[in-house]
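Read off the chains here:
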Amino acid sequence: RGYAGKISSGGVQEGDELVVLPSGRTTRVTKIYKFDQELKRAEATESITLTVEDNVDISRGDFLAKPKEAPALLNQFRAHICWLNGQEMNLNKTY
């Protein structure tokens, strides 16, 4: 089974260990494909399909990273909001 996506930074090669986020499961890359061509390595900005050695559940929206390069998982964020409604925003209301 192949998993398709775009490499946002760094690279991946056959045999690399990857962690699936947010589940935290790990696996290893067995094959890398770009269209119908098999690759040994792929770099940032490439859209690829890869296969892994374990039957891990990788779903749409999951993130793959090398374990030592995995981003921190947080349940909060900071944002600036530009409110365009004519009525003032009520911070106690759900929109």
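Calculation rules
- Residues numbered from 1 in each chain as written.
- Predicted model: local features only at pLDDT ≥ 70, side-chain atom pairs only at ≥ 80, totals over all residues.
- Heavy atoms only, no water.
- Salt bridge = Lys/Arg side-chain N within 4 Å of Asp/Glu carboxyl O.
- Helix = DSSP H or I, 4+ residues; strand = E, 2+ residues; numbered from the N terminus.
- Buried < 20%, exposed > 50% of the residue type's maximum accessible area, 1.4 Å probe, protein only.
- 1 Å grid on protein atoms, 1.4 Å probe; cavity = no way out; pocket = protein on both sides within 12 Å on 5 of 7 lines; lining within 4 Å.
- Points joined across faces, edges and corners; volume = space filled by probe spheres on them.
- Nonpolar A, V, L, I, M, F, W, Y, C, P; charged D, E, K, R; others polar.
- Contact = heavy atoms within 4.5 Å.
- Patch = residues over 30% accessible without salt bridge, like charges linked within 9 Å, V, L, I, M, F, W, Y side chains within 5 Å.
- Areas by Shrake-Rupley, 256 points an atom, 1.4 Å probe, with all protein chains shown as cover.
- Polar contact = N/O pair within 3.5 Å; in protein donor to acceptor, adjacent residues only side chain to side chain.

It is not clear to me how the pattern of salt bridges should be interpreted in this structure. Could you clarify?
Pairs may arise between side chains of opposite charge once their charged atoms sit close together. A complete count under the given rule lists five salt bridges for this structure. The salt bridge partner of Lys34 is Glu46, with a shortest N-O separation of 3.1 Å. In this pair, Lys34 sits in strand E4 (residues 25-34) while Glu46 sits in the loop between strand E6 (41-43) and strand E7 (47-52), placing the two residues twelve residues apart along the sequence. For Glu46, a relative accessible area of 17% gives the class buried. A salt bridge links Arg41 to Glu43; the nearest nitrogen and oxygen atoms lie 2.4 Å apart. For Arg41, a relative accessible area of 36% corresponds to the partly exposed category. Under the relative-accessibility criterion, Glu43 is labelled partly exposed at 35%.

Looking at this structure, I do not really get the layout of surface pockets. What am I missing?
To find leftover empty space, one rolls a probe the size of a water molecule over the atoms. Taken as a whole, the largest pocket holds about 630 Å³ of empty space. The wall of the largest pocket is formed by 24 residues, among which Lys6, Ile7, Phe63, Leu64 and Ala65 lie closest to the centre. At the level of secondary structure, the elements contributing two or more residues to the lining of the largest pocket comprise strand E1 (2-6), strand E2 (11-13), E7 and strand E8 (63-65). Looking at the lining of the largest pocket element by element, the count peaks at four residues for E1. Looking at the lining of the largest pocket residue by residue, the classes come out as twelve nonpolar, seven polar and five charged.

Looking at this model, I keep getting lost on the environment of Tyr95. Mind explaining?
As for its placement among the helices and strands, Tyr95 is situated in the segment after E8. Residue Tyr95 is classed as exposed on the basis of its relative accessible area of 55%. Along the sequence, Tyr95 and Leu39 sit 56 residues apart, while their C-alpha atoms lie 47 Å from each other. In this structure, Tyr95 is in contact with Trp83, Glu88, Met89 and Asn90, ignoring residues within four places of it in sequence.

Would you explain a nonpolar patch on the surface in this entry?
A contiguous nonpolar patch, built from Ile81, Trp83 and Tyr95 and spanning about 360 Å² of accessible area, is present on the exposed surface. Tracing the backbone shows Trp83 in the segment after E8.

What am I meant to see in the environment of Leu39 here?
Tracing the backbone shows Leu39 in strand E5 (residues 37-39). In the structure, Leu39 is positioned 14 residues away from Glu53 in sequence and 16 Å away in space, judged by C-alpha atoms. Sequence-distant contacts of Leu39, that is, excluding residues within four places in its chain, are made with Glu14, Ile32, Lys34 and Glu46.

How should I be thinking about the side chain of Thr51 in this particular structure?
Tracing the backbone through its elements, the reader meets Thr51 in strand E7. Separated by 2.6 Å, the side chains of Thr51 and Thr30 make a polar contact. Apart from residues no more than four positions distant in its own chain, Thr51 is found in contact with Arg1, Gly2, Arg28, Val29, Thr30, Lys31 and Tyr33.

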